[in-house]
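Structural characterization, general
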Amino acid sequence: MSNTTVPQLPMCIEQQLKLNTLLYKEMKQTSPSFPIPSSNCFSLILVEKGHFFLSNPYGYEIKKEQAILFSPLSSFSLTAKTEGSFFFLSLDGDLTHKLLTETIKKGNFFLGDHYYTLKKDLKHLLTLDPYTQSDGFAIDIFSILMHMYHHSTSLSKPMYPPIVMSAIQIMEENYTYLYGIEELAEQLEVSKNHLIRTFGEHVGMSPLQYLTSVKIKHAKNFLEVGETSMEVIAVSCGFSSADYFRKVFKKETGISPKQFQKNNHSNKKAHYPDELYL
């Protein structure tokens, strides 16, 4: 178990933002339950791997790719249902209470891409020496606080599992630069086979099929404008060459890009990515 003890901060910062506890813990099914006693702090549990059970009054599971925020005076214990690990963070201070009180009203879960951002920040925080790197330590804590404030959600909303949500978000935003699923799996920190299996179970198609559909959708937008060369469209939509783009487009739509362009030409304005590397 890794544990960080935080030094005394200047009073002006201490009153606004205080990190009481930060630790990373591994547990087995035979491990004693991890108790979280009642306090005036907000608490965050982020599960890195495995399944855990939250005791009463919650009485539900929290698993890999989920992080949950608890309000002050919450008291419960965490029991491992499988071998796993988690991060535990507790925060106090006037600014913390102001922001996280509003956060909890919107929801207390962090999923998908927001889970991975918090996980990355917590891992980095554990590498810092709070005595010799106090400025960076305080900045990282504030960054975590603001990310929670802006990106909480409620599990009552229908959604795919976090890994699927994250994969979809990455493909929708970075389709131009994705040429395969290996890179996507690496970004999500999961195996390629696990990603393909989980995605297929919930979406009904493979991640590669979904990525291809995203690229074809954006390619159609370019083609409807009718003023862009096939080479530029191919690069803009993440295809390795114009010839390969033509081949995939015809396979997916049944007609060539030129025929689609002829049938659907309009005065729409194309949306180019912010950066285009030729």
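Here, every reference points to the structure presented above.
If you're wondering where the values come from, they're calculated on a predicted model, not measured in any experiment. (Residues numbered from 1 in each chain as written. Predicted model: local features only at pLDDT ≥ 70, side-chain atom pairs only at ≥ 80, totals over all residues. Heavy atoms only, no water.)

All right, on to the pairing of strand 8 (residues 76-80) then. With four of five residues buried, strand 8 is to be regarded as a mostly interior element. Taken together, the three bridges between strand 3 (residues 34-36) and strand 8 define a ladder with antiparallel strand orientation. Residue pairing in the sheet places Phe34 in a bridge with Leu78 of strand 8. (Buried < 20%, exposed > 50% of the residue type's maximum accessible area, 1.4 Å probe, protein only. Helix = DSSP H or I, 4+ residues; strand = E, 2+ residues; numbered from the N terminus. Pairing = 2+ DSSP bridges.)

Once that is clear, we can look at empty space enclosed by the protein. Considering all chains together, one arrives at one cavity of 30 Å³ or more under this definition. One number sums up the size of the largest cavity: a volume of about 40 Å³. Lining the largest cavity are Ile36, Pro37, Ser39, Cys41, Ser43, Phe70, Ser71, Pro72, Leu73, Ser74 and Phe76. Among the residues making up the lining of the largest cavity, the classes are represented as seven nonpolar, four polar and no charged. (1 Å grid on protein atoms, 1.4 Å probe; cavity = no way out; pocket = protein on both sides within 12 Å on 5 of 7 lines; lining within 4 Å. Points joined across faces, edges and corners; volume = space filled by probe spheres on them. Nonpolar A, V, L, I, M, F, W, Y, C, P; charged D, E, K, R; others polar.)

So, on to helix 2 (residues 94-106). Compared with an ideal rise of 1.5 Å per residue, which puts 13 residues at 18 Å, helix 2 spans 19 Å between its outermost C-alpha atoms and is within 8% of the ideal. By the burial criterion, the buried members of helix 2 are Thr96, Leu99, Leu100 and Thr103. Gly107, located one to two residues past helix 2, shows a positive phi value of around 150°. (Expected span 1.5 Å × (residues − 1).)

Let's shift gears to the pattern of salt bridges. Under the counting rule described, the total for this entry stands at six salt bridges. Among the salt bridges present, the one from Lys119 reaches Glu189, with a minimum N-O distance of 2.9 Å. One end of the pair, Lys119, is in helix 3 (residues 112-127); the other, Glu189, is in the loop between helix 6 (181-188) and helix 7 (192-203), and 70 residues separate them in sequence. The exposure class of Glu189 is partly exposed, given its relative accessible area of 46%. One salt bridge in this structure joins Lys217 and Glu172, with 3.4 Å as the shortest N-O distance. Of this pair, Lys217 sits in helix 8 (residues 207-225) while Glu172 sits in helix 5 (residues 162-174), placing them 45 residues apart in sequence. For Lys217, a relative accessible area of 40% puts it in the partly exposed group. Given the relative accessible area of 28%, Glu172 is considered partly exposed. (Salt bridge = Lys/Arg side-chain N within 4 Å of Asp/Glu carboxyl O.)

Right, let's talk about unusual backbone geometry for a bit. We note that Glu65 has phi near 75°; this positive angle belongs to a residue other than glycine. By secondary structure assignment, the location of Glu65 is in the loop between strand 6 (60-63) and strand 7 (67-70). Accessibility expressed as a relative area gives 6% for Glu65, which makes it buried. Within the chain, Glu189 stands out as a residue other than glycine whose phi angle is a positive 60°.

Inspection of every chain in the model, using the stated rule, returns eleven aromatic pairs. Taking the centre distance of 5.6 Å and the plane angle of 70° together, the rings of Phe249 and Phe260 count as edge-to-face. Taken together, the residues Phe249 in helix 10 (residues 242-253) and Phe260 in helix 11 (residues 257-264) connect sequence positions eleven residues apart. Taken together, the aromatic side chains of Phe239, Tyr244, Phe245, Phe249 and Phe260 make up a single cluster linked through ring pairs. Cation over ring: Lys106 sits above Tyr149, and NZ or CZ is 4.8 Å from the ring centre. Over the ring of Phe239 we find Lys215; its NZ or CZ atom is 5.5 Å from the centre of that ring. (Phe/Tyr/Trp six-rings, centres within 6.5 Å; stacked < 30°, edge-to-face > 60°. Lys NZ or Arg CZ within 6 Å of the ring centre and 35° of its normal.)

Right, let's talk about the sheet that holds strand 8 for a bit. With antiparallel pairing, four strands are arranged side by side in an open sheet as 3-8-5-6. Sheet topology places strand 3 and strand 6 at the edges, where each strand pairs with a single neighbour. With direction set aside, neighbouring strand axes in the sheet form an average angle of 30°. Note that strand 5 (residues 51-54) and strand 6 share four bridges and pair antiparallel. In the strand pairing of strand 6, Phe53 is matched with Glu61. (Axes fitted to C-alpha atoms, helices over the stretch in contact; angles between N-to-C directions.)

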